[in-house]
Amino acid sequence: MASEKLNVIDNLQNLDVLQMDRRTFMKAVAALGASGFVARYGTSLAKAMEFSKTKVVWLHGAECTGCSISALNAYNPEFADALEKLNISLEYHETILAQQGLFVDGKLVNTSELNGEILLDELANEGGYILVVEGSIPNGPDNTGKACILGGHPFKDIVEKTARKADAIVAIGTCASYGGITTTNCDTKEYCDFQGMSFTETTPGGILKILGIDKPCINIPGCPAHPDWFFLTVAALILGKLDLNNIGAALDQYGRPKPFYPPESTIHDNCPRRGYYDRGILDKEIAQGGCLWKLGCKAPYAHSDCALRKWNNGLSLCMQAGGPCLACVEPTFPNASMPFFEESEKTEILFGANIGHVALFAIGVAVVAAGVHAVRRMKKE
Ligand code: SF4
Ligand code: SF4
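Let me sum up the structure you'll find in this document.

## Re the overall build of the protein chain
Helices and strands together make up the secondary structure of the protein chain, namely 13 helices and 14 strands. Buried positions account for 52% of the 381 residues belonging to the protein chain. For the protein chain, the share of sequence-separated contacts (at least 6 apart) that also reach a separation of at least 24 residues comes to 72%. Surface accessibility of the protein chain: about 17,400 Å² in total, with carbon and sulfur atoms responsible for 53%.

## Focus on the pattern of salt bridges
Enumeration over the complete set of coordinates arrives at 11 salt bridges. Between Arg309 and Asp305 there is a salt bridge; the shortest N-O distance is 2.7 Å. We note that Arg309, like Asp305, is buried. Three or more residues joined by partner-sharing salt bridges are found here, namely Asp228, Asp305 and Arg309.

## Thoughts on the nonpolar core
Generally speaking, soluble globular proteins have nonpolar side chains that are buried together. With 64 residues, the main nonpolar core has Phe25, Phe37, Phe231, Ile267 and Met319 as its most contacted residues. Core analysis: the second largest hydrophobic core is formed by 26 residues, Ile169, Ala171, Leu208 and Ile213 among them.

## A short note on the packing of helix α5 (residues 116-126) against helix α6 (residues 155-164)
One can describe the packing of α5 onto α6 by two numbers: an axis separation of 7 Å at closest approach and a directional angle of 40°. Contacts between α5 and α6 involve Leu120, Asp121 and Ala124 from the former and Ile158, Lys161 and Thr162 from the latter. Across the contact of α5 with α6, the residue classes tally to three nonpolar, one polar and two charged.

## Quick word on helix α10 (residues 227-238)
Owing to its 3.6 residues per turn, the α-helix aligns residues three or four sequence positions apart on the same side. Compared with an ideal rise of 1.5 Å per residue, which puts 12 residues at 16 Å, α10 spans 16 Å between its outermost C-alpha atoms and is within 8% of the ideal. Of all 12 residues making up α10, 12 are buried, and the element is well covered by its neighbours. Taken together, the buried positions of α10 are Pro227, Asp228, Trp229, Phe230, Phe231, Leu232, Thr233, Val234, Ala235, Ala236, Leu237 and Ile238. Remark: Gly240 follows α10 within two positions and exhibits a positive phi of approximately 70°.

## Description of the site of ligand 2
By nearness alone, every residue bordering ligand 2 is listed as Ile267, Cys306, Trp311, Cys318, Cys325, Leu326, Ala327, Cys328 and Val329. When the residues that make up the shell around ligand 2 are grouped by side-chain class, the tally is nine nonpolar, no polar and no charged.

## Focus on the site of ligand 1
Every residue near ligand 1 is listed here: His268, Cys271, Arg273, Arg274, Tyr277, Cys291, Leu292, Trp293, Cys297, Ala299 and Met319. The residue inventory of the shell around ligand 1, partitioned by class, reads eight nonpolar, one polar and two charged.

## With respect to the pairing of strand β1 (residues 52-60)
Across the nine residues that make up β1, a large majority, eight, are buried. Bridge count for β1 against strand β2 (residues 88-93) is five bridges, and the pairing is parallel. Paired with Val57 across the strands is Tyr92, a residue of β2. Here β1 pairs with strand β5 (residues 129-134) via five bridges, running parallel. Opposite Trp58, over in β5, you have Val132 as the bridge partner.

## Topic: the side chain of Thr174
Along the polypeptide, Thr174 turns up in helix α7 (residues 173-178). The residues contacting Thr174, other than those within four sequence positions of it, are Gly179, Gly180, Pro221, Gly222, Cys223, Cys328, Val329, Glu330 and Phe333.

## Here we look at the packing of aromatic side chains
Going through the model one piece at a time under the given rule, you end up with 12 aromatic pairs. Judged by centre distance (6.4 Å) and plane angle (55°), the rings of Trp58 and Phe79 are tilted. Pair noted here: Trp58 is in strand β1 and Phe79 is in helix α4 (residues 79-85), with a separation of 21 residues, a long-range link. Under the relative-accessibility criterion, Trp58 is labelled buried at 2%. Taking the centre distance of 6.2 Å and the plane angle of 80° together, the rings of Phe340 and Phe341 count as edge-to-face.

What counts as what
Residues numbered from 1 in each chain as written. Chains lettered and ligands numbered in written order. Predicted model: local features only at pLDDT ≥ 70, side-chain atom pairs only at ≥ 80, totals over all residues. Heavy atoms only, no water. Helix = DSSP H or I, 4+ residues; strand = E, 2+ residues; numbered from the N terminus. Buried < 20%, exposed > 50% of the residue type's maximum accessible area, 1.4 Å probe, protein only. Contact = heavy atoms within 4.5 Å. Areas by Shrake-Rupley, 256 points an atom, 1.4 Å probe, with all protein chains shown as cover. Salt bridge = Lys/Arg side-chain N within 4 Å of Asp/Glu carboxyl O. Core = buried A, V, L, I, M, F, W, Y, C linked by side-chain atoms within 4.5 Å. Axes fitted to C-alpha atoms, helices over the stretch in contact; angles between N-to-C directions. Nonpolar A, V, L, I, M, F, W, Y, C, P; charged D, E, K, R; others polar. Expected span 1.5 Å × (residues − 1). Near = heavy atom within 4 Å. Pairing = 2+ DSSP bridges. Phe/Tyr/Trp six-rings, centres within 6.5 Å; stacked < 30°, edge-to-face > 60°.

The structure is reproduced here in structure tokens:
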């Protein structure tokens, strides 16, 4: 796979972003990563973005904000640079924006400049944005969504209001994609009924299906999601390199972009410790330097390009740092990955996911994609 990556990079010399077909674009972003992509195509990227601005509305549900932190840790380009380079207007993001709520200096404020609730209502009325959802969406108790309340409103209602007017939806992180950590087996799990946007093991189609919303949704799982996976997917959306009429073609059966989550290979294939695995040098204690399989590594079941792209500006990854992969990008994380630090005995196909649900999800993607044609952009003022 590494040599294939080099071939792709060689073949991409001197191509213009605007001239690239969708397939080539996705190959380029997968092979180069965000920093390499921007370094190589910065000029034509700037040209492509010159006359348009894309609105992004970013919501936080049941989550830890780790995916926002991961995006804020993007190195090259940094978060603010990435927004600028992609000509994104980040209209709403609760942990970054200056809006302070209903009261400022003890006085009730009624303008969207100071009151985030009014701002979100205005944005939802206008529509025409990419909706980014971080965190799962509780549907419980009893379908009320009251297990997660923001400003007096169930998060489920906020998602409904904003998703209906979105041009496309990006679920960032495993919680928003599939429920993730919030669906860990525990006493309150059933009561809260945590949902992913478009896929939950117990609910094919996720909260969008429950709400009856037909919108293309791209899942960028990971606990947290890699900033490259997120920004490059948003770049592909903005540049029209993802066909919203046929978005299922670019995604795997769990709604993940195939270039970053290759269905045909696993993280284990490219692990820097793979040589030890092949020679049967399997560590039984931490920090012995060999393969981490017996210490609970789940990378042989996990589909993502972590081992090639790496984290922290391409510096390292979980196994390189000495910890086993927990398959955090998979829809069955974390339950199927537990116990985290014990050798996995189950090697079921699809890592224990219900194959009937997978088929239903694939059909759902094809249907929802039909309704939307393109991500709208704002005219530059
Ligand atoms: S540490 Fe994990 S990913 Fe690396 S070779 Fe061993 S089992 Fe495979
Ligand atoms: S290596 Fe495994 S646990 Fe680490 S980020 Fe990638 S998928 Fe998640």
